[in-house]
Structure formats: structure tokens, C-alpha cells
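Next come the chains, spelled out residue by residue.
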Amino acid sequence: MEKHVYAIDGKELRTITLDDRVFGLPVNEDVIYYAINNELANKRVGTACTKTRSEVHGSNAKPYKQKGTGRARRGDKKSPLLVGGGVVFGPKPRDYSYSLPKKMKRLAMMSILSLKAQDDRITVVEDFTVESGKTKDLVKILDHFMKDERTVLITGGDDSLLKRAGRNIPRLSFLAYNRLRAHDLFYGRRLIILESAVKNLSGFYAPAEAEGGEA
């Protein structure tokens, strides 16, 4: 698949070939679903906690006699049937995280990239950085490519100045080519991929797919 490479001023520079092994696969919706659910589960904080009747603070004495009152029999005030009593089968602190097979995660990322390529939602831009680290300098560049929609910028590596400049821009997130997130990729309306990241994505995913290894 051929895509234009744009300069930071929005002008076309040249064309680049997207690797069909990464950007031209059939979209596997199942693995995308599993990958997104896995990321959301791993981010979940399982701190919800309720008390059972044995943990509720209170007397173990019988509140009133068994017979003769006309009321239901009560063993203690900590019964789950009473206000202030324990909770039956309530939540306890737990770890919701789990791991997916690496091949499945890799296939999910490639499926999302292929989906975005098919929908023409990928823009390839020449490599750039923001030496000043200022938001206004990055905004001048992104005005040529980014509309008022959720956008993901995929870099060829870690660029602290670029991330610093973009952290105040609404609906913009950064991903390194080797640390993609399925949730951000899938829900991003526009993917801006730096030219070096296109080559790195092919090197990171395609050889592993061809050799049957793990990324």
C-alpha cells in the first residue's frame, strides 16, 4: 500500500510503501476485542471492599427474646437482613489483571493498523521533534494534520520533548512503535505515524510474524 509522506508544513514530499504484513491484513475483530478488554482489566483498581457479618463491629447478643414479640427471630444485629449489618457475597479487594498470549496481542495491533489503513485514517509525516518543548510549536505542526478529533501520534522511539509539548493538547495521545495500546489505537479517529515509525513497525511486527517468534 502506497501512502504520501508529508512535511511538517503539510506539503507532500514523497511516497512510502506500507508493509502489507502489518497494514494489509484481514481485520480480526475477535482479537481486537480481547486485547481492549485485557487492557481495561489490567488498568482496573480492585479496591472495592464490603464487610461480612463476621467483620461488622457490634454486639453478638441476641437483640430481643426469641418468642412472644411477634417479630422475626434475630440472632444478632449484624445480620445481612438488617440495616447496618453485613453484606452477603459483597466485593473484596482483588486483582483483575490477566495476560494474553503475545501472538494474540501482536495480531490485535496489526489488525487495528490494517483497519485504519483500509479506512484511510493513517497520515505519514516526516520525522520531527519540538526542540523547545512548547505546546504552541507542536500545535503549529499538527494544525496541518489534526482535526478536532481523537488523534494518536506514533513515534519511532521515546521523545520526551515531543511528549512534553503535546501533553496539554486535548484528544492527542502518544504511542511508541514498540508499545502500542489497542484501546488508544482503535478509538483514535486519526493515526499520525512518523516516517521512522512506519519502518520500525515493519521491523518489529513482520519478522516475528514470518518466523513464528514473539514480539
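Note that the structure is a prediction, hence the values are computed from the model and not measured.

Caption draft 1: How the structure looks around the environment of Asp-20. Assignment of secondary structure puts Asp-20 in helix α1 (residues 20–23). Take Asp-20: its relative accessible area is 45%, and that puts it in the partly exposed class. As a C-alpha pair, Asp-20 and Gly-86 span 66 residues in sequence and 58 Å in three-dimensional space. With residues near it in sequence (within four places) discarded, Asp-20 still touches Met-1 and Leu-25. Within the structure, Asp-20 has its side chain in polar contact with the backbone nitrogen of Met-1 (distance 3.4 Å).

Caption draft 2: Quick peek at the sheet that holds strand β1 (residues 2–6). Strand order in the open sheet formed by 6 strands is β2-β1-β3-β6-β4-β5, and the pairing between neighbours is mixed. Every interior strand has two partners, whereas the edge strands, β2 (12–17) and β5 (172–176), have only one. If you compare each strand with its neighbour and ignore which way they point, the axes differ by 30° on average. As paired strands, strand β4 (residues 151–155) and β5 are joined by 5 bridges and run parallel to one another. The residue of β5 that forms the bridge with Thr-151 is Leu-172.

Caption draft 3: Quick peek at the nonpolar core. Phe-23, Leu-113, Leu-138, Ile-154, Leu-180, Leu-185 and Ile-193 are the most contacted members of the largest nonpolar core, which has 49 residues in total. When residues in this core are grouped by element, the largest group, 6 residues, is from helix α3 (residues 102–118). The contact partners of Leu-113, leaving out residues within four places of it in the chain, are Val-22, Phe-23, Ile-122, Ile-154, Leu-180, Leu-185, Leu-191 and Leu-201.

Criteria and cut-off values
- Residues numbered from 1 in each chain as written.
- Predicted model: local features only at pLDDT ≥ 70, side-chain atom pairs only at ≥ 80, totals over all residues.
- Heavy atoms only, no water.
- Helix = DSSP H or I, 4+ residues; strand = E, 2+ residues; numbered from the N terminus.
- Buried < 20%, exposed > 50% of the residue type's maximum accessible area, 1.4 Å probe, protein only.
- Contact = heavy atoms within 4.5 Å.
- Polar contact = N/O pair within 3.5 Å; in protein donor to acceptor, adjacent residues only side chain to side chain.
- Pairing = 2+ DSSP bridges.
- Axes fitted to C-alpha atoms, helices over the stretch in contact; angles between N-to-C directions.
- Core = buried A, V, L, I, M, F, W, Y, C linked by side-chain atoms within 4.5 Å.

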